[in-house]
Each structure stands twice: as structure tokens, then as C-alpha cells.
Amino acid sequence: MPVARPESSDSRVIAHVDMDCFYVQVEQRKQPELRGHPTAVVQYNAWKGGGLIAVSYEARSFGVKRSMRGDEAKSVCPEIQLVRVPVARGKADLSIYRNAGSEVVAILSRKGRCERASIDEVYLDLTDAAEKMLSETPPESLEVIDDEVIKSHVLGISAERRDVGQLNDTHSTTHQPPKLKTQVESKEMFMGRVIAFLLEPSDVRQAVREWICRSNADRRDKLLACGAFIVAELRMQVLKETQFSCSAGIAHNKMLAKLASGMNKPAQQTVVPFVSIKSLLEPLPIRKMKQLGGKLGCSLQDDLGVNTVGDLLQFSEGRLQERYGINTGTWLWNIARGINGDEVESRVLPKSHGTGKTFPGLNCLKTIAAIERWLSKFSEELAERLEVDLEQNKRIAQTLTLHASAHKATESQSQKKFPSKSCPLRYGTTKILEDALNLFQAGLREYLSSSSKAYGNGCSGWGITNLSLSASKIVDIPSGTCSIMKYFHTQDQSCSSTKEFNDKEIFEAATLSTSGTCAVKKNEPQLDSVGEDAVIKDAAGGNRSRDQKGKALKEKEPKEESVNDMQETTESSCSGKADGTVPSESGGIRSLHRGADQSRVDCIYKIDEIDPNVVDELPREIQEEVRAWLRPQKRANNTMRRGSSITHYFSPNKNL
């Protein structure tokens, strides 16, 4: 449900930058000969020419729309060039578009807080940059103003050639006189549009110049004028460095900026002064508003007779709260007045990584073998993207989620949705595939509400029409840890894309526990929340109970060895276990370490001093071996020290 957030200030400068038919521009940069010609990017599925996912403005002028398929687009515009998206692992590969979007984000983030909303759109908080410009070089003091700034559309001044109720529709080049919309438009609003229509382009630009350079303007408008300068400069930098054009909306909050960015496309920008908010919102169809395209929007139309945002103004906040609850009622009352307190989050990297595919009609997946085949492809792609993110951005994902859509044989069963399932994410193709398959089987059991026998191979009682995997809860890795990626690489040889990383640059499993000692754990961040005393497994792999979270953490020495070093030492010189430890004749564990001079140190640790609870923090492969060394009769020994970490006992500096 929507969340009502009060605005921190009505003097913020927020921009929404939206790339113009982005996929087409990316393809035109690859193939410059496509520039200036009707072009569309289509899905790799060749049925009826493939579905259009991006259409150039040259093609739109012929009547080509995104809702068409390739064959229909050809019939409407025979000259159109259809470019198919790249294909990898039997599905669309959007890497080229994703990477191109990253190029744009890197440029836009130079001037302020940047939030990447999708592959081709970004929010910017330019308040600080606008404040600085206003104090140092206010617009009225400038003798020369860039033409791109003067071409800005300022609502209430610029000649708007189409209704605001048709945002994001096909760009129109027709020049028709405005007509009075008696149901939603006042006489004053209509006359304003008539005057704007009668202005010649040169007159409009002069009016925009005067608005930008007013010395007696409201401070909020002055900040927006500074925002227009900053956004115009950024858009030109994007064009120069990437060859991509973009459009933008500039307003006092994210909602208004988003609405404005689609009003004048391509390669233009629109400013929403405070006094023009009402004229922007009143005629806007209620279903065009974000979060009102579903059940809530239908309820407003069916139950309250609200068809435009202007219709919503007649209801008091109390009435809306009574009907939809306090939070949603306040949110509706706010948006009708252009109030939106959502902050621009500082995020230039994606919040999650996902991959999936649809299997419509007869192409639906009906066997576990088919599911596993596709999950294998998804796991491979997801593992590659996670490793790139880890290497380049020093981030790890914590949660793996499986989503699916399915249909059943009977009509009554077909109404039930396939449940999404999540689990802690383990890195590596094989591990992701194993967990994904388990998630699918758990979801299928719940979906069928029957025993495991009901979903064996060959069962035709269900069919999967959409399947996807995503990795989320991505966090920055903690500093001061060593690498365990080599351990993953030796254990999971199936991940062919795995690269050797520098030990100082990659996340590792030796992280600080609450007792101040190091706990060895593989890169399997988890979050368990059962009951008040639940243990939180943080992104670095350490366990931390809620009543211990205030304790100070002891920093690990940079030269302390990781599991990988122990493994490498013993593999070349000892026939014992691969993690560098071997059972000793005295009933303890012997560990081989390198000292400061790279010589090996042979240390023996008593089993009865090792806390068995720490074993749970180790990678599963190590857990099995360590448990085999532990003697059951020794586990109840009173000499155990709770909260200790296994690395404490493997430390060459430990006093035996």
C-alpha cells in the first residue's frame, strides 16, 4: 500500500531523467546506419515478428506502437528496421542495455544524489547544487544563457501542444487549436492555453528567458530555474559522452518530476513551478498516477466516482481516511495536491539482480526436468552477475528468491497463485541451482496442496508459464576481512565464469563475532528472525544475537590467514584434511600455519576446548569434517568456552 510521507521541504529541486526509446538508441549506437530511419527493437521470440519493446520516434510518426508485433509494424511502416535483442542461454540478454544505462548513471550522478529507478530512468536530488548556484551565480546575473535552457518547457508559460492527460503517448507534431474541456478545466486555465498556443516559438523562448531571470521571483522558482540549468548541462554531457538523448522533468518532488518528464519528448525538459501544480494534476486521469493503476484506482472510480485527480480534491482527508484507512487516506489527499515526501535514495547500483523467462501457452514447463534445465541457465547467469557485482562494487546479495506463475488443469484450481519462495543466498552456480530447485519444489508442494508424489516427472496437472530467480538484500561488504573466494572456486568447479580475485578486495568468511574473536563462515549471508532471541546472521557471516548487538567488535589483524591459506598449506605438504587441520594422536586437532617468515608452525588444539556451536558457522563441507573429529563424550565437558570461534583455536598465537 502507498505510504504517506510529509515533505521535508517544498523548496527541493528534484529531477526525473528518462532516456528516449533507450533500447533503440543503444542499437543505433552499435549500428549508426540506423539513425534517422524508422527502427524498433523486438523480442527474440519470432512469433509474428516478435513483440516490440522499443520504437523510435521516426517509426512512431508512421503509427507504429509498442503494443504491436513485428509483422504488424511492417504492415504499418514497410521501411521499419527490426532489431532483435541479443540472446544468451535461450533467453533475452539485456546486458548491453544494462551496461549502457550504467554509463548514463555515472554521468548524471556528478551533480547530486542519484537514484537509479530502472535501466533507463534516474531520479536526481539537485537541491544542494541549485542552492550553490543560486548563491554564487544566480540566473539573473548571467549574460549568456545556453539555448538548451531556453528551450525548457515551463508549465504555465510554454506552448503545450497536447493534453496532460495523454502523458507518455506518441509524440504529436500536429498543431491543433485547443478546445475547452468543460468538465475538468476552468475558463482561466483554458485561456492560458489559448495564449500559449498563439505565442510564436520565439515569443515562448523569450517568456521562458524572462521567467528564468526574474530577480523578484519566489525563491522556490529561482531554485527550479537553477535546476533547469543543471539538468540541461547534464543532458548535454550524456549526449556528448554516450550519444544518447534523454528527457527530464524538474519539480519540487519525485511524483511531479516523473509526470513532467514524459510531457515533452524527445530530448527536452519540462519545469513544474509551484503555481502550476494544480493545472498539471487536475485533468490527469486517476489511473495515470503511480500506484493507482490497480485495485485502489478501480475503487476510486467505482466507489467514489473519481476519474481525474481533480475529482479527488472534493473529498476531505477524513472522508478518504474513513474509506481507505489513515495512511492511504492521507496519501490520496496529499497526491491530489501535489504533495509527496519520497526522498531520492542514494543508489546508482541496482537493488537486486534478476533473470527469468515466460513460457506462454503450449510452451509452459510441465516436468521437473524442464524446470531444472531452465533453473540451471538462470543460476549460471545470476552467479556471473553476482560475481561481477562483488568484484567491481564490493557488494554481496543475501537472499535468493524464486518467482513463478502457473496454471492448473481445473478451473477452480487455476485461481490459486504459485507462491514465491526465498532462502539465504549461497554463491556459486551449483549452490544457487540446488537452492532454487528446492525452492521450486517447496512452492509446488504448497501450490498443489498434496504430497511430493503429485509433482514427479511426467505429471501434466500443472504448467509453469513464468519462472524467474532474483538475488536481493544487497549490501556493501565489511572492511578488514580476508578472501574466501578461492575456497568457493575449489569447491564449485562448475561455475566456469569464476575469476581469481585479489585477497584484499574480496569478501571472506573470517568475520568478527560478538565475543571479539573471529568466526569462519562461507559467503552465505543469512537472516533468521524467529522469536525475540533470534540470531541475526549479518552480511559478513557473523552471528549476532539482539541482546549482544551493542558489544564492540575486535578488529582482525590484516595478516591473519584465511581458510584458503590453511587449505593451500596442507595440500602441498600434508595428507590430512584440506582445510589445514588434521586429527592428532593426542586427541586434538593439529593445524599448520605460516608464520611471519612464511615458515610453517605446527599447533595442536584440544578438541574438548572447541565450542561445538561454532561449527555451525563453518561452510558445510568443513562442518562435516570437524564434527567427525569431535568426540561426543567430550561435548558436555565443562571446559568449553561458549562464544569462541574456531579461528581462535587455529591461531598460531594461542597459548596451549
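Taking an unreviewed UniProt entry as the reference, the protein is identified by name as DNA polymerase eta belonging to Daucus carota subsp. sativus. As recorded by UniProt, the Sequence similarities (unreviewed entry) comment attached to the protein reads in full: "Belongs to the DNA polymerase type-Y family." UniProt, in the comment section headed Subcellular location (unreviewed entry), describes the protein in these words: "Nucleus".

### Re the side chain of D20
Relative to the assigned elements, D20 resides in the loop between β1 (14–19) and α1 (22–30). Reaching out from D20, the side chain makes a polar contact with the backbone nitrogen of C246 at a distance of 3.4 Å. Within polar-contact distance, the side chain of D20 engages the side chain of S247 at 2.9 Å. Once residues lying within four places of it in the same chain are set aside, the contact partners of D20 are Q25, Y57, S245, C246, S247, K265, P266 and A267.

### Some thoughts on the nonpolar core
Membership of the largest hydrophobic core comes to 52 residues, with the highest contact counts inside it found for L108, L124, W211, F244 and I250. Among the elements that take part in this core, helix α9 (residues 219–242) stands out by supplying 11 residues, more than any other. Mapped onto the domain boundaries, this core takes at least three residues apiece from domain 1 (8–20 + 88–160 + 190–282) and domain 2 (21–87). Setting aside chain neighbours within four positions, we find I250 in contact with V13, I14, A15, L224, G227, A228, V231, Q269, T270, V271 and V272. In this structure, F359, A436, Y447 and L448 belong to the second largest nonpolar core, which totals 38 residues.

### Describing the sheet that holds strand β3 (residues 52–55)
Pairing in this open sheet of 3 strands is mixed, and the strands run β3-β2-β4 from one edge to the other. Each end of this open sheet is capped by a strand with a single partner; those strands are β3 and β4 (81–84). Neighbour-to-neighbour, the strand axes of this sheet turn through a mean angle of 25 degrees, independent of strand direction. Two elements, strand β2 (residues 39–42) and β3, share 3 bridges in a ladder whose sense is antiparallel. Residue pairing for β3: V41 is matched across the bridge by A54.

### So, the sheet that holds strand β9 (residues 153–154)
The mixed open sheet is built from 6 strands, whose spatial order is β7-β8-β1-β10-β11-β9. Edge positions in the open sheet fall to β7 (113–118) and β9, since each of these has one partner strand only. The pairing of β1 with strand β10 (residues 246–251) spans 6 bridges and is antiparallel. Looking across to β10, one finds that M19 is bridged to C246. Each of β1, β7 and β8 (121–125) touches helix α4 (residues 95–108); the most contacted strand, β7, lies at about 160 degrees to it. Packed onto the sheet, α9 meets β1, β8, β10 and β11 (269–271) and runs at close to 165 degrees relative to β10.

### Regarding the pattern of salt bridges
Evaluation of the coordinates by the stated rule reveals 30 salt bridges. The residue K265 makes a salt bridge to D18 at a minimum N-O spacing of 3.5 Å. In this pair, K265 is assigned in the loop between α10 (254–261) and β11 and D18 in strand β1, connecting sequence segments 247 residues apart. Across this residue pair, the class does not change: K265 and D18 are buried. For D303, the salt bridge is made with R323, and the minimal N-O distance between the two is 2.4 Å. Residue D303 is located in helix α12 (residues 295–304), and its partner R323 is located in helix α14 (residues 317–324); the two are separated by 20 residues in the primary sequence.

### Re the packing of aromatic side chains
In total, this model carries 7 aromatic pairs according to the counting rule given. With centroids separated by 5.5 Å and ring planes inclined at 20 degrees, the aromatic side chains of F418 and F440 adopt a geometry described as stacked. On the criterion of sequence distance, the pair formed by F418 in the loop between β13 (395–408) and β14 (421–424) and F440 in helix α17 (residues 429–448) is long-range, its members being 22 residues apart. Overall, the relative accessible area of 7% leaves F418 in the buried class.

Quick notes on the rules
Residues numbered from 1 in each chain as written. Predicted model: local features only at pLDDT ≥ 70, side-chain atom pairs only at ≥ 80, totals over all residues. Heavy atoms only, no water. UniProt positions renumbered as here; feature names shortened; annotations may be inferred. Helix = DSSP H or I, 4+ residues; strand = E, 2+ residues; numbered from the N terminus. Polar contact = N/O pair within 3.5 Å; in protein donor to acceptor, adjacent residues only side chain to side chain. Contact = heavy atoms within 4.5 Å. Core = buried A, V, L, I, M, F, W, Y, C linked by side-chain atoms within 4.5 Å. Buried < 20%, exposed > 50% of the residue type's maximum accessible area, 1.4 Å probe, protein only. Domains from an automatic or database assignment. Pairing = 2+ DSSP bridges. Axes fitted to C-alpha atoms, helices over the stretch in contact; angles between N-to-C directions. Salt bridge = Lys/Arg side-chain N within 4 Å of Asp/Glu carboxyl O. Phe/Tyr/Trp six-rings, centres within 6.5 Å; stacked < 30°, edge-to-face > 60°.

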